[in-house]
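Analysis of the macromolecular model
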Amino acid sequence: MREAIAAAQVGDDVFGDDPTVNALQERVAALLGKEAALFMASGTQSNLCALLAHCGRGDEYIVGQLAHTYRYEGGGAAVLGSIQPQPIPNQPDGTLKLEDIAAAIKPDDAHFARTRLLALENTWNGNVLPATYVADACELARSRGLATHLDGARLFNAVVASGRTPAELARHFDSVSICFSKGLGAPIGSMLVGSRELIQRAHRVRKMVGGGLRQVGLLAAAADHALTHHVDRLADDHALAKRLAQGLAALPGVTVTPPQTNIVFAQVSDGRGPALLEHLKSRGVLATGLIGLRFVTHLDVDAAGIDHAIAAAAEFLKA
Ligand SMILES: *Cc1c(COP(=O)(O)O)cnc(C)c1O
């Protein structure tokens, strides 16, 4: 990847003449079966530009209570777009109930914000959304005049876990955001795909939020390398997540949700989660603790690392 970055042809992407960015945008648009794509600095920027391209001031978007777009992006849609979020509960598998979506869509009445968009996330907390669910939810949205956006920061994990193509997973959505960081291992970069017209609107927003970058072919080269070399190997991350889940589940007082992809959630009895996190950290194992313990496998983690993590957890829990 470092060599690809060093060798990248660059131009000024603010003027649209960086050949490496343009080639990557074409590659990703084709891969996801959409007309156009736009390089973004981050997944947050990509989701924000999508929301502001779909919705105007006083519009509303329906989103999961625990969706990244709603909960973990600084409230950007409301702060910068005057877009009202309408959060509804995420079911344990990450879906939003169709009846909840339908009930949240407002009639055309001066009392209400204008409901414009449904936003889903795949994978959500490492869960792959069921294919028929995605088709039904998007069909419901479309039948009520709503556009649809997919936060696909972890879409390639869903691709590898489900055996379906990126275009199949993107098919029902008007726009999709993907990330080259996270599991794909590029240092920086995301991309928004959609119709030419939508991407044109998102391009204006991207400039406004300071995301018009210059010789960004350096980053596009890293992302291109990640797409070529780091997608199929996500299966290794998924296998290691299973190995970690099995190892942790065998320890006293630990309950583990079997992972579908590369994120492992574990609950530890007697409120010992925070102390276990501290112990793991002292042994060089990093995890987060916002919702139970959350472990993520990725291309810098190998089987020896997983076994080390299990051994470190065992050392603490058996003490
Ligand atoms: C990480 C993530 C984002 C945001 O990506 P950043 O590049 O960190 O801004 C958005 N959605 C999901 C589901 C993510 O996991």
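Predicted model, so just to flag it, every value in this text is computed and none were measured. (Residues numbered from 1 in each chain as written. Predicted model: local features only at pLDDT ≥ 70, side-chain atom pairs only at ≥ 80, totals over all residues. Heavy atoms only, no water.)

1. Topic: the domain arrangement of the chain
As a measure of interface size, the accessible area lost when the parts come together is often cited. Splitting the chain by domain gives domain 1 (2-229) and domain 2 (234-317). The centre of domain 1, based on its C-alpha atoms, is set 29 Å off from the matching centre of domain 2. Contacts between the two partners involve 14 residues from domain 1 and, on the opposite side, 13 residues from domain 2. The junction of domain 1 with domain 2 conceals about 1100 Å² of combined surface from both sides, 58% of it contributed by carbon and sulfur atoms. It is N125, R154 and N157 that lose the most area in domain 1 upon contact with domain 2, and together they represent 38% of the buried surface on that side. Taken together, the links from domain 1 to domain 2 amount to zero salt bridges. At the junction of domain 1 with domain 2, the criterion picks out four residue pairs in polar contact (both at pLDDT 80 or more). Along the lines of polarity and charge, the residues of the side of domain 1 that touches domain 2 split into six nonpolar, seven polar and one charged. (Domains from an automatic or database assignment. Contact = heavy atoms within 4.5 Å. Buried area = accessible area lost by both parts, 1.4 Å probe. Salt bridge = Lys/Arg side-chain N within 4 Å of Asp/Glu carboxyl O. Polar contact = N/O pair within 3.5 Å; in protein donor to acceptor, adjacent residues only side chain to side chain. Nonpolar A, V, L, I, M, F, W, Y, C, P; charged D, E, K, R; others polar.)

2. Describing the site of the ligand
Around the ligand sit S42, G43, T44, N47, H68, E73, E121, D151, A153, R154 and K182, and that is every residue in its neighbourhood. G43 is positioned with one of its backbone polar atoms (N or O) 2.8 Å from an oxygen atom of the ligand. The greatest single-element share of the shell around the ligand, amounting to three residues, is contributed by helix α3 (residues 43-54). (Near = heavy atom within 4 Å. Helix = DSSP H or I, 4+ residues; strand = E, 2+ residues; numbered from the N terminus.)

3. Thoughts on the sheet that holds strand β8 (residues 254-257)
The antiparallel open sheet is built from three strands, whose spatial order is β8-β9-β10. Both outer strands of the open sheet, β8 and β10 (293-296), are each paired with one neighbouring strand and no more. Here the strands of the sheet are splayed against their neighbours by 25° on average, with no regard to which way each runs. When strand β9 (residues 263-268) meets β10, the two strands line up antiparallel, connected through four bridges. Its bridge partner lying in β10, V264 is registered against F295. Packing of helix α13 (residues 273-282) onto the sheet brings it into contact with β9 and β10, and relative to β10 it is tilted by some 35°. (Pairing = 2+ DSSP bridges. Axes fitted to C-alpha atoms, helices over the stretch in contact; angles between N-to-C directions.)

4. Quick notes on a nonpolar patch on the surface
On the surface, Y72, L290 and I291 cluster together into a nonpolar patch covering about 320 Å² of accessible area. Residue position: I291 is located in the loop between α13 and β10. Since its relative accessible area comes to 42%, I291 is described here as partly exposed. (Patch = residues over 30% accessible without salt bridge, like charges linked within 9 Å, V, L, I, M, F, W, Y side chains within 5 Å. Areas by Shrake-Rupley, 256 points an atom, 1.4 Å probe, with all protein chains shown as cover. Buried < 20%, exposed > 50% of the residue type's maximum accessible area, 1.4 Å probe, protein only.)

5. Re the environment of L299
Counting through the fold element by element, L299 comes out in the loop between β10 and α14 (303-317). As for L299 and R233, which are separated by 66 residues in sequence, their C-alpha atoms are 8.2 Å apart.

6. Topic: the side chain of T148
Here T148 shows up in strand β5 (residues 147-152). Overall, T148 belongs to the buried group, its relative accessible area being 0%. Of note is the side chain of T148, whose polar atom sits 3.4 Å from the backbone oxygen of H172. Apart from residues no more than four positions distant in its own chain, T148 is found in contact with H54, L117, L118, C138, A141, R142, H172, F173, D174 and S175.

7. A closer look at the side chain of N47
Inspection of the secondary structure puts N47 in helix α3. At 3.0 Å, the side chain of N47 forms a polar contact with the side chain of E73. Ignoring sequence-local partners within four residues, the contact set of N47 consists of T69, E73, H149, D151 and S177.

8. Comments concerning the sheet that holds strand β2 (residues 59-64)
What the seven strands build is an open sheet, ordered β1-β7-β6-β5-β4-β2-β3; its pairing is mixed. On the outer flanks of this sheet lie β1 (36-40) and β3 (84-88), each paired with one strand and no other. The sheet shows a mean angle of 20° between the axes of neighbouring strands, direction not considered. Sheet topology note: the strand β6 (residues 175-179)/strand β7 (residues 190-194) ladder contains five bridges and is antiparallel. If you follow I178 over to β7, its bridge partner there is M191. Contacts from helix α2 (residues 19-31) reach β1, β6 and β7 within the one sheet, and its direction differs from that of β1 by about 125°. Packed onto the sheet, helix α10 (residues 196-208) meets β1, β6 and β7 and runs at close to 20° relative to β1.

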